[in-house]
Amino acid sequence: DTEVTQTPKHLVMGMTNKKSLKCEQHMGHRAMYWYKQKAKKPPELMFVYSYEKLSINESVPSRFSPECPNSSLLNLHLHALQPEDSALYLCASSQQQGLSEAFFGQGTRLTVV
Amino acid sequence: GENVEQHPSTLSVQEGDSAVIKCTYSDSASNYFPWYKQELGKRPQLIIDIRSNVGEKKDQRIAVTLNKTAKHFSLHITETQPEDSAVYFCAAITYGGSQGNLIFGKGTKLSVKP
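Residues numbered from 1 in each chain as written. Chains lettered and ligands numbered in written order. Predicted model: local features only at pLDDT ≥ 70, side-chain atom pairs only at ≥ 80, totals over all residues. Heavy atoms only, no water.

A. Just the sheet that holds strand β3 (residues 18-25) of chain A, in detail. Residue and element names in this part refer to chain A. The strand order β1-β3-β8-β7 describes an open sheet built from 4 strands, whose pairing is antiparallel. The outermost strands of the open sheet, each flanked by one partner alone, are β1 (4-7) and β7 (64-70). Taking each pair of neighbouring strands and ignoring which way they run, the sheet shows an average axis angle of 20°. Strand direction decides the pairing type here: β1 and β3, joined by 4 bridges, are antiparallel. Paired with Gln6 across the bridge in β3 is Cys23. (Pairing = 2+ DSSP bridges. Helix = DSSP H or I, 4+ residues; strand = E, 2+ residues; numbered from the N terminus. Axes fitted to C-alpha atoms, helices over the stretch in contact; angles between N-to-C directions.)

Here is the structure:
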């Protein structure tokens, strides 16, 4: 199983809503990542979890709140987002942080209205 | 921190021709260099990678070369096909540094014309 699964695939939310993005992998990877990708741009790193501990927070606004309940799951909680937060949110995992290739999920296409 | 420059930003070739995409990196400690292909609306997918102890790696029509001294690496696609059309991202990872994560180049949109 070399899959990283993200749900939902598409999400439309209002600026006052609270929603969560979910990511799951069963490859035994101990590093998981959230990336944000705007159209025609490369993925930008948001958060890194290594062994279920937050390793990197790339100065992401507090309206984005990550959570790693266990080694297979990664969540991104969203609250009071802005229209400019609309983007493709990609989850990825790798065996360990920074040592090998990252496998990406198919992403959640988020639209904030 | 690591900085990855990628050129060209767009590349158009005729089917059957070769395509070359070049990247440079700034951190001499970087030791792992993957290339990702992203088709429209889809996830980035790893197509080939190279580690700093290797100068060249091939996988069928795709090859990657690495020049550690000059701090640049390149993707070579031979006998291009229309299905090679996509955005290609190079990336670099620094081993053991405080930022042990993928830093992406800005991407190259490759168009292969039949």
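The rest of the description comes next.
B. Just the sheet that holds strand β7 (residues 62-67) of chain B, in detail. Residue and element names in this part refer to chain B. Taken in spatial order, the 5 strands make up an open sheet running β1-β3-β8-β7-β6, and their pairing is antiparallel. Two strands bound the open sheet, and with one partner strand each, they are β1 (4-7) and β6 (56-59). For this sheet, the mean inter-axis angle between neighbouring strands, taken without regard to orientation, is 15°.

C. A look at the interface of chain A and chain B. With 21 residues of chain A at the contact, the number on the chain B side is 20 residues. Roughly 1600 Å² is buried in total at the junction of chain A and chain B, and carbon and sulfur atoms are behind 55% of that figure. Glu3(A) is the salt-bridge partner of Arg43(B), the closest N and O atoms lying 3.8 Å from each other. Between the two partners, chain A and chain B, sit 4 residue pairs in polar contact (both at pLDDT 80 or more). Residue assignment for the side of chain A that touches chain B shows that the elements contributing at least two residues are β4 (31-37) and β9 (87-94) of chain A. (Contact = heavy atoms within 4.5 Å. Buried area = accessible area lost by both parts, 1.4 Å probe. Salt bridge = Lys/Arg side-chain N within 4 Å of Asp/Glu carboxyl O. Polar contact = N/O pair within 3.5 Å; in protein donor to acceptor, adjacent residues only side chain to side chain.)

D. Main features of the pattern of salt bridges. Residue and element names in this part refer to chain A. Within this structure, the stated rule accounts for 6 salt bridges over all chains. For Glu52, the salt bridge is made with Arg30, and the minimal N-O distance between the two is 2.5 Å. Of the two residues, Glu52 is situated in the loop between β5 (44-50) and β6 (53-57) and Arg30 in the loop between β3 and β4; the sequence distance between them amounts to 22 residues. Overall, the relative accessible area of 33% leaves Glu52 in the partly exposed class. (Buried < 20%, exposed > 50% of the residue type's maximum accessible area, 1.4 Å probe, protein only.)

E. Structural context of unusual backbone geometry. A cis amide bond links Thr7(A) with the next residue in sequence, Pro8(A), at an omega value of -10°. The residue Pro8(A) is located in the loop between β1 and β2 (10-13) in this model. Cis geometry is found at the peptide bond from His7(B) to Pro8(B), where omega equals -5°. Topologically, Pro8(B) is positioned in the loop between β1 and β2 (10-14).

F. Quick look at the state of the cysteines. Residue and element names in this part refer to chain A. The full count for this structure, using the stated rule, is 2 disulfides over all chains. Note on cysteine connectivity: Cys23 is disulfide-linked to Cys91, with sulfurs 1.9 Å apart. Between Cys23 and Cys91, the S-S torsion sits near -70°, and that sign places the bridge as left-handed. Of this pair, Cys23 sits in strand β3 while Cys91 sits in strand β9, and the two are 68 residues apart along the sequence. The pair formed by Cys23 and Cys91 is uniform in burial state, with each residue classed as buried. (Disulfide = S-S within 2.5 Å.)

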